[in-house]
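Chain by chain, the residues run as shown.
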Amino acid sequence: SQFPKLLTHPNLVILSFQDYVTNSTKFFDNAKGTGPFQLESISNEKTILTRNNSYWKKDSYGNKLPFLSSIEVYYSVNESALFQEGKLDLIQNVRADKLNALFGNLQEAQGGKNLLHRLFQQQDKNLNFLVYNTKSPIFNTLDKRLVVDQAIDKKSLCANILEGDGEACLGTFVPINYYRPIEKLLGDNTTHQGQKQGKAKREKGKTAEILNFFINKNTSEIGRLWVKEVANQIENATNFKVTIVSGSDADLEKMWKTGEVHLAKYGWVADYLDPDAYLGLFYSKSSLARDLGINLPRFDSLYLNTFKKNTFKDHLFAQFECDQYLIKQVLVTPVFLQDFIFVLNVNMRGFHINTSGQFNLSTVYFKPIQKLY
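Everything quoted here is computed from the prediction, not taken from an experiment. (Residues numbered from 1 in each chain as written. Predicted model: local features only at pLDDT ≥ 70, side-chain atom pairs only at ≥ 80, totals over all residues. Heavy atoms only, no water.)

Another aspect to go through is the sheet that holds strand 1 (residues 37-42). Across the sheet, three strands lie side by side as 1-2-3; this open sheet has antiparallel pairing. The open sheet has two free edges, formed respectively by strand 1 and strand 3 (70-74), since each of these has just one partner strand. With direction set aside, neighbouring strand axes in the sheet form an average angle of 20 degrees. Of the pairings in the sheet, the one linking strand 1 to strand 2 (residues 46-51) comprises five bridges and is antiparallel in character. Counted as the bridge partner of S41 is I48 from strand 2. (Pairing = 2+ DSSP bridges. Helix = DSSP H or I, 4+ residues; strand = E, 2+ residues; numbered from the N terminus. Axes fitted to C-alpha atoms, helices over the stretch in contact; angles between N-to-C directions.)

Structure representation (structure tokens):
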């Protein structure tokens, strides 16, 4: 059902199946395509792309694209130092609390040492949420899951840990902006926060239960910070003793199915602009559901029903019903939405971000600011 939407995604390309069959081990190291840039080299440190001189597209004035001769993409570098030295022109996904460090202090600014810059902000793109292992005795009933769900203070986390760089998710799994066209039909459902906390609260003083909270070993610094805060909130409000477990995706898949981990942190960026890009995660035939052994017959029924609607409004309302099943059954806890912030060299022109958070560097060019006296 997602196929027509995915066909419009800028990251989807046609590849040669024959080339893959012939040399599958080197296929992605010897990339072929018809895009504006071609792969020159790739390593753990950086990727280098060079202009495809046979690229077919032109700009609105008839100029041949792309304008750039090459693009170098770096990983795990000192972004602040390189940006100030003029060795970086674009930084993607900057945390709000790290912005000041990129631009230097007041004295450096007064001395003209700050590199002039532009900021681009893409709102509500990165959804951070928790998934419950419902096959574990710890979370095999709604009341047990409510204990953790109601222990998490999302607004406090966004204000104090993320320093405002996040919007608390209240009432829906899919970002609420997707449901604005049917807002009047939703009533008070969007403020649903589960059953009353008092009913779900565990009695303090009972023997502490171990709750193993899984995060990927490559989780960012800010990711580890907010997970630690969530763990503290759970311990303070319940009789759970939270242990944070770190590992690979394969580790999660194995430990989830054996019941060794009970809660997992996930982040998700939608592939296309529709609630289906979020809801489809929990359909039993999705990769996430298969990896974790998630099988929710009622959710599957609601999800498949969304594709039987004839009007946009009916389709969206069916998706909302599907969304609310996840929320009311506390199968997930959406925690916060995080913006994507891009920092650009001010001399970098022609940069645009579409509503999906994708950017096209084929139209980018450099033109220094010229002052007229």
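Turning to the pattern of salt bridges, a few remarks are in order. Scanning the model with the defined rule gives four salt bridges in all. A salt bridge links E235 to K241; its shortest N-O distance comes to 3.8 Å. For E235, a relative accessible area of 22% translates into the label partly exposed. A salt bridge links E253 to K257, with the nearest nitrogen and oxygen atoms 3.6 Å apart. Separated by four residues within a single helix, E253 and K257 lie in helix 11 (residues 249-258), roughly one turn from each other. (Salt bridge = Lys/Arg side-chain N within 4 Å of Asp/Glu carboxyl O. Buried < 20%, exposed > 50% of the residue type's maximum accessible area, 1.4 Å probe, protein only.)

Every buried residue of helix 11 is accounted for by L252, M255 and W256. All buried residues of helix 11 project into a common sector of 105 degrees when viewed along the axis, lining one side. Residues of helix 11 that are exposed and angled more than 90 degrees away from the buried face: A250 and K254. G259 sits one or two positions beyond helix 11 and adopts a positive phi of about 80 degrees. (Arc of directions from axis to C-beta.)

Looking now at helix 10 (residues 221-237). The end-to-end C-alpha distance of helix 10, which contains 17 residues, comes to 25 Å, matching closely the 24 Å that a straight helix rising 1.5 Å per residue would cover. Among the residues of helix 10, those classed as buried are I222, G223, W226, V227, V230, A231, Q233, I234 and A237. (Expected span 1.5 Å × (residues − 1).)

Further remarks concern the layout of surface pockets. Taken as a whole, the second largest pocket holds about 620 Å³ of empty space. In this structure, the second largest pocket is lined by 27 residues; those nearest its centre are Y266, W268, L281, S287 and L288. Counting residues per element, the ones that place at least two in the lining of the second largest pocket are strand 7 (209-216), helix 11, strand 9 (263-269), helix 12 (276-279) and helix 13 (287-292). Residues of the lining of the second largest pocket, tallied by class, amount to 13 nonpolar, seven polar and seven charged. (1 Å grid on protein atoms, 1.4 Å probe; cavity = no way out; pocket = protein on both sides within 12 Å on 5 of 7 lines; lining within 4 Å. Points joined across faces, edges and corners; volume = space filled by probe spheres on them. Nonpolar A, V, L, I, M, F, W, Y, C, P; charged D, E, K, R; others polar.)

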